[in-house]
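# Reading the structure
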Amino acid sequence: MNAPLRHLTDIGASEIFRRWSEQQLQLALETNGKNGLSAKSAANCMCIWESWIQWLDSQEDPILTAAAAQRWAVSRRGHVQAFLDGPAPKQSTRKAKKSDEMANFSQQRYWRVLRDVYAHAIERGVRHDNPALELPSTPSIKRGSRKPQVMPAFVL
């Protein structure tokens, strides 16, 4: 059940993201920004999705190798977990505080994008399952991550 549906496997990673983001932009227009995404948020989400796709492309996994053109469509929960547990993608100009793991806020933000794009793929009949929803526990903000990291708490 983890394989994509046969008749839609030609939909690439960029196309499924484009369809999802267009739906989110339209929803924002219809709800006056209460739901959906702004253009700026959609652009940020695109960076996250592209980081995911690049990460999948770098993996030496027989499941992914067999479907090199459609890695996003055959990825599994273990791939999502490994991506979220690993270092932050190197797209930012800022230096990561911890080079070996993704920041807690970033984990949650990345997970939400994966969850939502894969949910859209299910709605469109491209996948049967959502690998981001199959994790043992979903990323959440840890108490220690809520502390200010730039200014001391008393300043705020």
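Look up: the structure comes first, before these words.
Each residue is numbered by its place in its chain's sequence as written, counting from 1. Where totals are concerned, whole chains, interfaces and linings use all residues; where local detail is concerned, this predicted model gives features only for residues with pLDDT of at least 70, and gives and counts side-chain atom pairs only at 80 or more. To obtain the side-chain values, all non-hydrogen atoms of the structure were included, while hydrogens and water were left out.

Now for the packing of aromatic side chains. For any pair of aromatic rings, geometry is given as the distance between the ring centres together with the angle between the planes. Stacked, edge-to-face and tilted are the three classes for Phe, Tyr and Trp ring pairs, Trp counted by its six-membered ring, which pair at centre distances within 6.5 Å; planes under 30 degrees apart are stacked, over 60 edge-to-face, the rest tilted. What the rule picks out here adds up to 9 aromatic pairs. Ring geometry for tryptophan 72 versus tyrosine 118: centroids 5.9 Å apart, planes at 35°, classification tilted. Here tyrosine 118 lies in helix H6 (residues 104–123) and tryptophan 72 lies in helix H4 (residues 71–74), a separation of 46 residues in the sequence. Only protein chains enter the area calculation, which uses a 1.4 Å probe; residues under 20% of their type maximum are buried, those over 50% are exposed, and those in between are partly exposed. The class of tyrosine 118 is buried, set by a relative accessible area of 0%. Within the aromatic cluster, the residues linked to one another by ring pairs are Phe17, Trp20, Trp49, Trp72 and Tyr118. In this text, helices come from DSSP runs of H or I with a minimum length of four residues, and strands from runs of E with a minimum of two, each type numbered from the N-terminal end.

We define the nonpolar core as a collection of buried residues of types Ala, Val, Leu, Ile, Met, Phe, Trp, Tyr and Cys that are connected through side-chain atoms lying within 4.5 Å of one another. Membership of the largest hydrophobic core comes to 33 residues, with the highest contact counts inside it found for Ile16, Trp49, Trp52, Trp72, Leu84 and Leu114. At the level of secondary structure, the elements contributing two or more residues to this core comprise helix H1 (13–30), helix H2 (39–57), H4, helix H5 (77–85) and H6. Element by element, the count of residues in this core is highest for H2, at 8 residues. Only heavy atoms enter the contact rule, under which two residues are in contact if any of them lie within 4.5 Å. Each residue touching leucine 84, except ones within four places of it in the same chain, is listed here: Met102, Gln107, Tyr110, Trp111, Leu135 and Pro139.

A few words on the packing of H2 against H5. Where H2 meets H5, the axes come as close as 11 Å, and the angle between the chain directions of the two elements is 110°. Put simply, H2 runs roughly perpendicular to H5. Of the residues in H5, those in contact with Ser51, Trp52, Trp55 and Leu56 of H2 are His79, Val80, Ala82 and Phe83. Under the scheme applied, nonpolar residues are Ala, Val, Leu, Ile, Met, Phe, Trp, Tyr, Cys and Pro; charged residues are Asp, Glu, Lys and Arg; polar residues are all the others, including Gly. Split into classes, the residues belonging to the contact of H2 with H5 amount to 6 nonpolar, 2 polar and no charged. Note on geometry: axes are lines fitted to C-alpha atoms, helical ones only across the stretch in contact, with angles between N-to-C directions running from 0 to 180 degrees. For classification, angles of less than 35 degrees are called roughly parallel, those exceeding 145 degrees roughly antiparallel, those between 65 and 115 degrees roughly perpendicular, and all remaining angles oblique.

Look at H1 against H2: their axes get within 11 Å of each other, and the N-to-C directions meet at 160°. Viewed along their axes, H1 and H2 adopt a mutual orientation that is roughly antiparallel. The two elements H1 and H2 meet at a crossing, and its hand is right-handed. Packed against H1, whose contacting residues are Ala13, Ile16, Phe17, Trp20, Ser21 and Leu25, the element H2 presents Ala39, Ala42, Cys45, Met46, Trp49 and Ile53 at the interface. Considering only residue class, the contact of H1 with H2 consists of 11 nonpolar, 1 polar and no charged. We call a crossing left-handed when the near helix sits turned anticlockwise from the far one by less than a right angle, and right-handed when that turn is clockwise.

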